[in-house]
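A closer look at the structure
In case you want the letters, here they are:
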Amino acid sequence: MGAETQTILTTQSDAERIERVKEELETGFRELGRIGPAVSIFGSARVGEEDPSYELARRTAHLLGSAGFAVITGGGPGIMEAANRGARDAGARSVGLNIELPYEQATNRHVDLALRFHHFYTRKVMFVRYACAFVVFPGGFGTLDELFEALTLIQTGKIRHFPVLLVEHSYWQGLIDWSRDRLLAEAKIAPEDLDLMRLSDNPAEIVEIIEHYAALQGLLPARG
């Protein structure tokens with residue numbers, strides 16, 4: 001296993017790792033604890049402004065911002081940039097949680113609160129801890145990782161039940177069908193687990209669903 005090689009093992013001591021994790025969690029709690037009700041938006045970094053997904057993410061984030069929600073993304077390009085851009089244009093808090101990678105991923109210019117993480121798992125805590133919904137646009141492994149992390153935490157009762165919205169039917173329908181035809185049909189999940197994912201291509205509908213669940217959670221974002 002690459003993670004167990006001597007080179008990796010000697011990069012940091014266990015005590016140093018623990019201290020870094022502690023610092024990342026403390027910083028995240030301190031900075032994000034003040035942003036109010038927020039929605040985490042995920043999607044591919046490999047999407048340009050000319051892609052319809054970019055504009056859809058920008059419009060969705062703008063409506064969420066206008067409804068009083070802060071928007072949290074991974075802080076990078078593509079869908080993340082579009083969502084941060086929409087939030088900032090609406091005058092909402094635009095948060096970017098960037099990650100240190102072997103190749104540089106610069107924080108996009110539409111972020112007004114930027115945090116940088118070394119560990120994926122501390123970053124994941126922040127995406128979940130301060131969100132009342134996840135909105136998931138087309139993406140790759142990282143996007144799928146965040147999607148299934150949220151579904152697992154909701155399914156197992158580790159976090160409160162909040163909406164997980166998949167945007168763009170044509171991209172996600174195959175996953176929904178496979179989950180129904182294999183996971184559910186073979187009793188790998190329960191019928192109610194499949195209902196944890198909702199499909200929508202309508203930004204106004206997405207905001208309406210999130211507002212409904214936010215009200216149930218006692219989170220009433222301030223408009224304007």
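Preceding this section is the structure that the text describes.
Residues numbered from 1 in each chain as written. Predicted model: local features only at pLDDT ≥ 70, side-chain atom pairs only at ≥ 80, totals over all residues. Heavy atoms only, no water.

This part covers the pattern of salt bridges. Throughout the structure, instances matching the rule amount to 16 salt bridges. Here Glu-26 ties to Lys-22 by a salt bridge, and the two come within 2.9 Å at their closest N and O atoms. Note that Glu-26 and Lys-22 are positioned in helix α2 (residues 14-32) at a spacing of four residues, about one turn of the helix. Since its relative accessible area comes to 40%, Lys-22 is described here as partly exposed. Between Arg-93 and Asp-112 there is a salt bridge, with its nearest N and O atoms 3.1 Å apart. Taken together, the residues span a long stretch of sequence, with Arg-93 in the loop between α4 (79-89) and β3 (94-99) and Asp-112 in the loop between β3 and β4 (113-117) at a distance of 19 residues. Judged by its relative accessible area of 35%, Arg-93 is partly exposed. With a relative accessible area of 36%, Asp-112 lands in the partly exposed category. Each of Arg-20, Glu-24 and Glu-100 takes part in salt bridges that share partners, so that together they form one network. (Salt bridge = Lys/Arg side-chain N within 4 Å of Asp/Glu carboxyl O. Helix = DSSP H or I, 4+ residues; strand = E, 2+ residues; numbered from the N terminus. Buried < 20%, exposed > 50% of the residue type's maximum accessible area, 1.4 Å probe, protein only.)

To continue, consider the environment of Tyr-213. Following the sequence through the fold, Tyr-213 ends up in helix α9 (residues 203-216). Residues Tyr-213 and Ala-83 lie 130 residues apart in sequence; the distance between their C-alpha atoms is 21 Å. Residues in contact with Tyr-213, not counting those within four places in the same chain, are His-161, Pro-163 and Arg-198. (Contact = heavy atoms within 4.5 Å.)

Moving on, we come to the nonpolar core. Formed by 35 residues in total, the largest nonpolar core has its most connected members in Leu-32, Ile-35, Leu-97, Phe-134 and Val-164. It is helix α6 (residues 141-155) that contributes the most residues to this core, five residues altogether. Setting aside chain neighbours within four positions, we find Leu-32 in contact with Val-95, Leu-97, Leu-113, Leu-115, Met-126 and Tyr-130. If you look at the next biggest cluster of nonpolar residues, it comprises 27 residues, including Ala-57, Ala-83, Ile-206 and Ala-214. (Core = buried A, V, L, I, M, F, W, Y, C linked by side-chain atoms within 4.5 Å.)

The next thing to look at is the sheet that holds β3. One open sheet holds the seven strands; their spatial order is β4-β3-β2-β1-β5-β6-β7, and the pairing between them is parallel. A single partner strand is all that each edge strand has here, and the edge strands are β4 and β7 (197-200). In this sheet, neighbouring strand axes are inclined to one another by 25° on average, regardless of whether the strands run parallel or antiparallel. Of the pairings in the sheet, the one linking strand β6 (residues 164-167) to β7 comprises four bridges and is parallel in character. Each residue of the ladder has a partner; that of Leu-166, found in β7, is Leu-199. (Pairing = 2+ DSSP bridges. Axes fitted to C-alpha atoms, helices over the stretch in contact; angles between N-to-C directions.)

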